[in-house]
Amino acid sequence: MSLLLDLANSLGSTLRDVVPIVVILVVFQVLVLRQRLPRLKQIITGFVLVVLGLSLFLVGLNDALFPIGETMAAQLTSSSGATNVDQVRWMDYMMVYAFAAAIGFATAVAEPALIAVSMKAQTASGGTIDAWGLRIAVAFGAAIGVSLGCFRIVTGTPLQWYIMGIYIVVMILTIFSNRTIMPLAYDSGGVTTSTVTVPVVAALGLGLASNVPGRSPLVDGFGLIAFTCAFPIMTVLGYSLIVSRLGKKKNDQPGLEE
């Protein structure tokens, strides 16, 4: 019964969010462009499916993904044995870092937005950019980012120093990278933090901050998504540099020229 109530509440909130967008599109189409709505039946069907899909997704977030992330964080931190802030040692949370890296990698690989971007990149580049190679590079960056973000939560160190250091490295890599890969690298960081990754990573951060002594969920629990967004930029730029260097060495080898 509670699940049905949650679904009904989610449907109501989703309708309130989606209806204004639909109204704007319809008004612009009819009053500004002065054209009838094409394929009206398909538009209505798509609108219904979007509302239902978003509603079910929100219910799944609240009832499944968030609790799983918080529960896993609580279980992993309980083994450290720390009961006050003076007993917190970063090396006691190795399983948390490993779990965070695995979660970051798995969610990034499964991210629908990243799959779409990688396929489009492969098509637009004529096969020069491998879709799977791009997804693995982004997922590897997300794994590092989430793991390092958990380390920051455990140690309680300031977020701004990490972010400044990360983007200094990003700027250096950008200087030496091919200009054709730079826009894709920066977009890869954005699409990583979407429907699959954000709920799980956010729940992990909040759960970890709630269970580590001396850490505040509000101050320390957030920030993991920033790491998840920034590190894929670094790994994609690094991946492109490695691939270009390997290709250059291969072309420079004697006997390969005709």
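Residues numbered from 1 in each chain as written. Predicted model: local features only at pLDDT ≥ 70, side-chain atom pairs only at ≥ 80, totals over all residues. Heavy atoms only, no water.

A. Main features of helix 8 (residues 197-211). Helix length check: helix 8, at 15 residues, gives a terminal C-alpha distance of 21 Å against a target of 21 Å (1.5 Å per residue), a fit within 8%. Buried residues dominate helix 8, accounting for eleven of its 15 residues. Residues of helix 8 that are buried: T197, P199, V200, V201, A202, A203, L204, G205, G207, L208 and A209. (Helix = DSSP H or I, 4+ residues; strand = E, 2+ residues; numbered from the N terminus. Expected span 1.5 Å × (residues − 1). Buried < 20%, exposed > 50% of the residue type's maximum accessible area, 1.4 Å probe, protein only.)

B. Spotlight on the pattern of salt bridges. Enumeration according to the criterion identifies one salt bridge in this entry. The closest approach of N and O atoms between R89 and D92, which form a salt bridge, is 3.0 Å. By relative accessible area, which is 25% here, D92 ends up partly exposed. (Salt bridge = Lys/Arg side-chain N within 4 Å of Asp/Glu carboxyl O.)

C. Helix 2 (residues 40-78), seen in detail. For helix 2, which comprises 39 residues, the first-to-last C-alpha distance of 55 Å matches the rise-based estimate of 57 Å (1.5 Å per residue) to within 8%. Maximal helix bending in helix 2 amounts to about 45°, located at L61. Next to the buried residues of helix 2 lie helix 1 (2-32), helix 3 (94-109) and helix 8. (Bend = angle between axes of the 7 residues up to and from the residue. Contact = heavy atoms within 4.5 Å.)

D. A look at the packing of aromatic side chains. Here the structure, examined in full by the defined rule, presents three aromatic pairs. On the basis of an interplanar angle of 75° and a centroid distance of 5.8 Å, the ring pair of W90 and F151 is categorised as edge-to-face. Here W90, found in the loop between helix 2 and helix 3, pairs with F151, found in helix 5 (residues 131-155); they are 61 residues apart in sequence, far enough to count as distant. The exposure class assigned to F151 is partly exposed, which follows from its relative accessible area of 24%. One aromatic cluster is present, built from ring pairs that chain together W90, Y97 and F151. One cation-aromatic arrangement involves R135 over W132; the distance from NZ or CZ to the ring centre is 4.2 Å. (Phe/Tyr/Trp six-rings, centres within 6.5 Å; stacked < 30°, edge-to-face > 60°. Lys NZ or Arg CZ within 6 Å of the ring centre and 35° of its normal.)

E. Region of interest: the side chain of S147. Structurally, S147 can be placed in helix 5. Overall, the relative accessible area of 17% leaves S147 in the buried class. Within the structure, the side chain of S147 is placed 3.2 Å from the backbone oxygen of Y97, a separation counted as a polar contact. What S147 contacts, discounting residues up to four positions off in sequence, is Y97, A100 and A101. (Polar contact = N/O pair within 3.5 Å; in protein donor to acceptor, adjacent residues only side chain to side chain.)

F. Summary view of the nonpolar core. Ranked by size, the top nonpolar core spans 22 residues in total, and within it L134, I166 and V236 carry the most contacts. Among the secondary structure elements, those contributing two or more residues to this core are helix 4 (112-124), helix 5, helix 6 (159-176), helix 7 (182-192) and helix 9 (224-252). Sorting elements by how many residues they give to this core places helix 9 first, with eight residues. With near-sequence residues (within four places) excluded, I166 lies in contact with F227, A230, F231 and M234. Residues L76, Y97, V154 and V212 belong to the second largest nonpolar core, which totals 17 residues. (Core = buried A, V, L, I, M, F, W, Y, C linked by side-chain atoms within 4.5 Å.)

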